[in-house]
Amino acid sequence: DFVKVIGESNQTTIIDGSGTGTVFTIKATDCQIWDLNIQHSGSATLDAGIHLLTCTGVLVNDCHVSNSTVGFLVTDDFYSIVHRNNIQKCQTAITCLRTLQTQIEDNNITNSDNGVYGSQGDSLGIGDNVISSCKYAGITVDNLNLSIIRHNTIQGSKNALVALFSTNLRIDEN
């Protein structure tokens, strides 16, 4: 039942999408992805380095994602964790759409157009991330409910935090 995909190191285990579509899609329950280097997704709006699609309880940890339209795309997800990853040179580093209790934690995001974008979800946690040199926004939330944005360091971005049409947001010590 439990699947683990573990690379030797996020510097040497490289999966290159060669500029075509989404590089790595996960549709699973209770799996772990560790130590991969994912790069060069396609250029369509939702082409991603890593796409968590209708997952439950997935952990993605210590991966490096670069040169993708979306670094991590998390859609229709329940209780997955994107943790301690390095994401750079993406249009949007992490996008969460229609998620429930998903956690975005301890990631390092640099040199992307946008850092973290969350929309149409409940109980999204965005915490302890370092987001720097994003062209437009460090964190954008749109139509979220009961979500927490805490302890993020955002620097060198045009807008640190943008919150639109959201209810019951807790924003602490960013």
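Now for a look at the structure at hand. (Residues numbered from 1 in each chain as written. Predicted model: local features only at pLDDT ≥ 70, side-chain atom pairs only at ≥ 80, totals over all residues. Heavy atoms only, no water.)

As summarised here, the arrangement of the seven strands in space is β2-β5-β8-β11-β14-β17-β20, forming an open sheet in which the pairing is parallel. Each having just a single partner strand, β2 (14-16) and β20 (153-155) make up the two edges of the open sheet. Strand-to-strand, the axes of this sheet are offset by a mean angle of 10°, without reference to chain direction. Looking at chain direction, strand β17 (residues 130-132) and β20 are connected through three bridges and run parallel. (Pairing = 2+ DSSP bridges. Helix = DSSP H or I, 4+ residues; strand = E, 2+ residues; numbered from the N terminus. Axes fitted to C-alpha atoms, helices over the stretch in contact; angles between N-to-C directions.)

So, on to the sheet that holds strand β3 (residues 24-26). Taken in spatial order, the seven strands make up an open sheet running β3-β6-β9-β12-β15-β18-β21, and their pairing is parallel. The open sheet has two edge strands with one neighbour each: β3 and β21 (159-164). Strand-to-strand twist in this sheet, taken as the mean axis angle between neighbours without regard to direction, amounts to 5°. For β3 and strand β6 (residues 48-53), the ladder comprises three bridges, and the chain directions are parallel. Bridging across to β6, Ile26 finds its partner in Leu52.

Let's shift gears to the side chain of Ser147. With respect to the helices and strands, Ser147 occurs in the loop between β18 (137-142) and β19 (148-150). On the basis of relative accessible area, Ser147 is assigned to the buried category, the value being 1%. (Buried < 20%, exposed > 50% of the residue type's maximum accessible area, 1.4 Å probe, protein only.)

Next up on the list: the environment of Val23. By the secondary structure assignment, Val23 is in the loop between β2 and β3. You can call Val23 buried: its relative accessible area is 18%. Once you skip the residues sitting within four places of it in the chain, Val23 turns out to touch Ile15, Asp16, Gly17, Ile38, Gln39, His40, Ser41, Ala48 and Gly49. (Contact = heavy atoms within 4.5 Å.)

Once that is clear, we can look at a nonpolar patch on the surface. A cluster of nonpolar side chains, namely Phe78, Tyr79 and Leu100, defines an oily patch on the protein surface of about 270 Å² accessible area. Structurally, Phe78 can be placed in the loop between β9 (70-75) and β10 (81-83). A relative accessible area of 34% places Phe78 in the partly exposed class. (Patch = residues over 30% accessible without salt bridge, like charges linked within 9 Å, V, L, I, M, F, W, Y side chains within 5 Å. Areas by Shrake-Rupley, 256 points an atom, 1.4 Å probe, with all protein chains shown as cover. Salt bridge = Lys/Arg side-chain N within 4 Å of Asp/Glu carboxyl O.)

This part covers unusual backbone geometry. Of note in the backbone geometry, Ser18 takes a positive phi value of approximately 55° without being a glycine. Judged by its relative accessible area of 61%, Ser18 is exposed. Its identity is not glycine, yet Thr54 carries a phi of approximately 50°, on the positive side. Within the secondary structure, Thr54 is located in the loop between β6 and β7 (59-61). A relative accessible area of 44% means that Thr54 is categorised as partly exposed.

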